[in-house]
Amino acid sequence: MNEETDARTEQSLDLFKNWLAKHPFIKYEGTDNIDDLLMYFLRMKKFNMDQTYESFEFATKFVKARPQFYENPGPHDYEFTNKPKSPVVFVKKRDSQGRRIYIYRIKHFESFKDVKFFRNVFLTPFFMSFVLETQINGIVIIVDFRDIDRSKSRKVPLETVFDAGRVAKIGGSKMKQFNFIGMPGFFRPLFEIAKTFTSAKVISRINFLQSVEDLSKVMDVSILPKEYGGTADEFLDFSEFEEGIKFVNQFNKFSVNLAKIQEFEGVGSFRKLEID
């Protein structure tokens, strides 16, 4: 039913573009072709049009409300990923199912109030999600809580916790697996808050692991860095980041009347209206 065929793609794109052309609060201000960008949302929601419209609205509002994270992306936003103490690692090889693997090393989350830091954390994965193979095969996320500094965790702004859940919601259907290593008890309240913004499907894909050794029970660890039981010693080619930057720049050409769209949602969503 969800098979991507030429006929299904063409029909779905036509519906999506017609819906977008009549949207009262979201407009595309660019002149270039946006079919590939729209296909990202169609694939993410397996061509379910209502869910596609909802995801697109949510993502557009989220991005446009946070210009400090998403405007003017460039090389400076992914250079931090190739450093020994990087908070985010992108595994060079894909797993046997073609999925891209991200590793969040919480012990290196040091600048919780630094806009540049959070720009890296929230923007760089967005680069990666637009790569075609990742759109189709999905993502595996490893969150490494080992050696987390409790005093630092208390400094995490609640809005950042909310945003983490919202980011998961944007790409929820393609988040194939979450592996949480050594989550401490004091982090549980923050996790419970993030859950309120996360779909039941995403939550069902979370594995709570006691140690790095437990990773081998839920995934192939051979392609991971050495500290996670694998043999990888290379970083991801920056060409994938650069491909994603093009999509983020295109996404930024949408204008959104945030006040109006939020007000309108109170009385019913535009995405549910029938379009001739």
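Residues numbered from 1 in each chain as written. Predicted model: local features only at pLDDT ≥ 70, side-chain atom pairs only at ≥ 80, totals over all residues. Heavy atoms only, no water.

Here we come to the side chain of Glu 240. Following the sequence through the fold, Glu 240 ends up in helix α11 (residues 238-251). Accessibility expressed as a relative area gives 15% for Glu 240, which makes it buried. Side chain to side chain, Glu 240 and Arg 100 meet in a polar contact 2.6 Å long. Ignoring sequence-local partners within four residues, the contact set of Glu 240 consists of Arg 94, Arg 100, Phe 127, Met 128 and Val 131. (Helix = DSSP H or I, 4+ residues; strand = E, 2+ residues; numbered from the N terminus. Buried < 20%, exposed > 50% of the residue type's maximum accessible area, 1.4 Å probe, protein only. Polar contact = N/O pair within 3.5 Å; in protein donor to acceptor, adjacent residues only side chain to side chain. Contact = heavy atoms within 4.5 Å.)

Let's shift gears to the pairing of strand β4 (residues 139-144). For β4, a buried count of six out of six residues is recorded, marking the element as mostly surrounded by other parts of the structure. Both faces of β4 are covered, namely the face carrying Ile 139, Ile 141 and Val 143 and the face carrying Val 140, Ile 142 and Asp 144. Two strands pair when backbone bridges link them, and strand β3 (residues 100-105) and β4 are joined in this way by six bridges, in the parallel orientation. Across the sheet, residue Tyr 104 finds its bridge partner in β4, namely Val 143. Bridge count between β4 and strand β5 (residues 175-181): six bridges; the pairing is parallel. In the sheet register, Asp 144 faces β5, and the bridge partner there is Ile 181. (Pairing = 2+ DSSP bridges.)

With that settled, consider the packing of helix α2 (residues 35-44) against helix α3 (residues 49-64). Contact geometry for α2 and α3: axes closest at 8 Å, N-to-C directions at 120 degrees. One element, α2, and the other, α3, form an angle in the oblique class. Note that α2 runs across α3; the crossing there is right-handed. Listed contacts from α3 to Leu 38, Phe 41, Leu 42 and Met 44 of α2 are Met 49, Thr 52, Ser 55, Phe 56 and Ala 59. (Axes fitted to C-alpha atoms, helices over the stretch in contact; angles between N-to-C directions. Parallel < 35°, antiparallel > 145°, perpendicular 65-115°, else oblique. Left-handed = near helix turned anticlockwise from the far one by under 90°.)

Owing to its 3.6 residues per turn, the α-helix aligns residues three or four sequence positions apart on the same side. The end-to-end C-alpha distance of α3 is 22 Å, a good match for the 22 Å that 16 residues give at a rise of 1.5 Å each. By the burial criterion, the buried members of α3 are Met 49, Thr 52, Tyr 53, Ser 55, Phe 56, Glu 57, Ala 59, Thr 60, Lys 61, Phe 62 and Val 63. For α3, the N-terminal capping position is held by Asn 48, with its side-chain oxygen 3.3 Å away from the main-chain nitrogen of Asp 50. (Expected span 1.5 Å × (residues − 1).)

Along helix α9 (residues 188-195), the residues classified as buried are Leu 190, Phe 191 and Ala 194. Looking straight down α9, one finds that the buried residues subtend no more than 100 degrees of arc, so they occupy a single side. (Arc of directions from axis to C-beta.)

The subject of this paragraph is the packing of aromatic side chains. In the structure shown here, the tally under the stated rule is 30 aromatic pairs. On the basis of an interplanar angle of 55 degrees and a centroid distance of 5.8 Å, the ring pair of Phe 16 and Tyr 53 is categorised as tilted. Taken as a pair, Phe 16 in helix α1 (residues 6-21) and Tyr 53 in helix α3 lie far apart in primary sequence, 37 residues in all. Summarising the burial analysis for this pair, Phe 16 and Tyr 53 share the class buried. Above the ring of Phe 62, the side-chain terminus of Arg 66 is found at 3.9 Å from the ring centroid. For Arg 188, the ring lying beneath its charged end belongs to Phe 208, and the centroid distance is 4.4 Å. (Phe/Tyr/Trp six-rings, centres within 6.5 Å; stacked < 30°, edge-to-face > 60°. Lys NZ or Arg CZ within 6 Å of the ring centre and 35° of its normal.)

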